[in-house]
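What the coordinates show
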Amino acid sequence: MGTFVVCKITNKHRNEATNFKILLFFALLKKLKSMIWNESYECMGREEMREVQNKRLRTTVEHVYHNSPFYRAKMQELGITPMDIETIDDLVKLPFTIKTDLRDQYPFGLFSVPMSEIVRLHASSGTTGKPIVAGYTRKDLSTWSEVLARTFTSGGCSRNDIFQIAYGYGLFTGGLGAHYGAENIGASVIPISAGNTEKQIQLMTDFGSTALCCTPSYALYLGEAVEDKGVKDKLKLKVGFFGAEPWTEAMRFEIEKKLNIKAYDIFGLTEVIGPGVSYECNAQKGMHINEDHFLPEIINPVTLEPVAPGEVGELVLTTITKEGMPVIRYRTKDLTRLMYEPCSCGRTSVRMHKIMGRSDDMLIIRGVNVFPTQIESVLMEFGETAPHYHLYVDRENNTDTFDVHVEVRPENFTDDMSSMLNLRKRIEARIQSVVGIHAHVKLVEPRSIERSTGKAQRVTDKRNLYKE
Ligand code: AMP
Ligand code: ZN
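Residues numbered from 1 in each chain as written. Chains lettered and ligands numbered in written order. Predicted model: local features only at pLDDT ≥ 70, side-chain atom pairs only at ≥ 80, totals over all residues.

Another point: the environment of V434. Assignment of secondary structure puts V434 in helix 12 (residues 417-435). Given 17 C-beta atoms within 10 Å, V434 falls into the partly exposed group. In this structure the C-alpha to C-alpha distance between V434 and T18, which are 416 residues apart in sequence, comes to 66 Å. (Helix = DSSP H or I, 4+ residues; strand = E, 2+ residues; numbered from the N terminus. Buried ≥ 20, exposed ≤ 12 C-beta atoms within 10 Å, placed from the backbone.)

Written out as structure tokens, the structure reads:
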């Protein structure tokens, strides 16, 4: 009898435990599903996705061939027509696009629709004073807010959230991009833009912001300011979406700790759409690429050949739904690798690793793309300076510092402080107007910058942004 009772209880417990596990499983599934904005595309079977991509690629190639003199000429040069592109395996036949192409086509030469169809323009700094321009049709804007809605939903956000958008608003894609994505999921949006830290913290506490969007370096800066003010307990923040510049896992840890949030990486670039090309899910193991809109390839930046699956190389992106300014095989110069393994979140899309470096010398300083050659050409505009310079980039108090050391020509080097000060100010003002950020210029004596016998090393970047 005694044995019988024990057995009965055990079975009952076992049943309860099983029921509990089943309930837990369904609760978890429900939670995961609630973190997916567009299940039909984000979790589409691979074969079906391939079909979608094939079709959209064909449409895009037809579109640019007939509406973009630039791409038509490029394809004709290679002796190909849209008939040669049937599936995504034919992508390799298409020409690459590089930043210089966009610069050469400044401002609207790459647009593939009449200007009357373009409803928004954005721009990002390029290799010269001319920015890279992007034009969006109404459909492109809707695609953009769709991919950002996926991003924010994957971070657990919904209409119940209050989004503080602290990316810069304006020509930069960050502010408005995130703005419309957050509105799309029905969240309440605070379009505060970047900077004005006092106000950021005031609104964050008074309005009860639950999600923050800004660059990771600004998130760290805000985190520190929050600590200094002792208001961490008053924050309702739970999550942040940070991108537009490289950041490390160590930075993620710091941001998460300082703001008591989960910090997600988001990736994108003006030429392709802006933020929203790819986004992290709650597994935080790589960024899911919105493959129904952007086709990724990884190439060896020297041979330009595709690397073996999973190997590190340069990310190349082709837009397959954009109308205003589609780009074919755009060489991002960002180094990463693709991850094809299924993800615990349930999405089936391929993931890209956190950006691991650049295959060119572009620096991102305070969110602005800076090429050393841009600085060089500014310096060369001044007859008083010699072509010997060195750029120092570092991070102090979570803000990038940028110092430009340049030699003064022997005939112009003088003890007259006011004339040296005047020269320095003129160079700083010119850098500000061409590149768009403030640099601290230091005029140094002739022959004081180390000469190089090989490739000149003109940049010292101590931020170590690409380290794990
Ligand atoms: P922009 O078009 O001015 O927004 O600059 C785009 C570039 O910013 C990309 O090509 C990357 O080099 C960089 N970038 C954007 N998002 C990230 C990110 N999450 N991690 C690392 N670099 C990023
Ligand atoms: Zn995932």
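Within the structure, ligand 1 sits among 17 residues, and S124, G243, L269, T270 and I355 are positioned closest to it. Of all the secondary structure elements, the ones that give two or more residues to the shell around ligand 1 are strand 7 (262-269) and strand 12 (330-336). A total of five residues in the shell around ligand 1 trace back to one element, the largest contributor, which is strand 7. In the shell around ligand 1, the residues fall into seven nonpolar, seven polar and three charged. (Near = placed C-beta within 6 Å. Nonpolar A, V, L, I, M, F, W, Y, C, P; charged D, E, K, R; others polar.)

In this structure, I273 sits in the loop between strand 7 and strand 8 (274-280). Residue I273 is classed as buried on the basis of its 30 C-beta neighbours within 10 Å. With 129 residues separating them in the primary sequence, I273 and W144 have C-alpha atoms 6.9 Å apart.

What follows deals with the packing of helix 9 (residues 216-229) against helix 10 (residues 249-259). Packing of helix 9 against helix 10 leaves a shortest axis separation of 9 Å and a crossing angle of 35 degrees. In this structure, the crossing between helix 9 and helix 10 has a hand that is left-handed. Listed contacts from helix 10 to P216, A219, L220, G223, E224, V226 and E227 of helix 9 are M251, E254, I255, K258 and L259. Of the residues that constitute the contact of helix 9 with helix 10, the class distribution is seven nonpolar, one polar and four charged. (Axes fitted to C-alpha atoms, helices over the stretch in contact; angles between N-to-C directions. Left-handed = near helix turned anticlockwise from the far one by under 90°. Contact = placed C-beta atoms within 7 Å.)

A few words on the pairing of strand 3 (residues 162-165). Both faces of strand 3 are covered, namely the face carrying I162 and Q164 and the face carrying F163 and I165. The parallel pair strand 3 and strand 4 (residues 188-190), bridged by helix 7 (residues 173-184), forms a crossover whose chirality is right-handed. Alignment of strand 3 against strand 5 (residues 211-214), held across three bridges, turns out to be parallel. The partner of Q164 across the bridge, within strand 5, is L212. (Right-handed = clockwise from strand over helix to strand, strands pointing away. Pairing = 2+ DSSP bridges.)

With 22 residues, helix 3 (residues 46-67) ought to run about 32 Å at 1.5 Å a step, and its terminal C-alpha atoms sit 31 Å apart, in line with that. Along helix 3, the residues classified as buried are Q53, L57, T60, V61 and V64. Projected down its long axis, helix 3 carries its buried residues within an arc of 100 degrees, all on one side. Of the residues in helix 3, the exposed ones pointing more than 90 degrees away from the buried face are E47, E48, K55 and H66. (Expected span 1.5 Å × (residues − 1). Arc of directions from axis to C-beta.)

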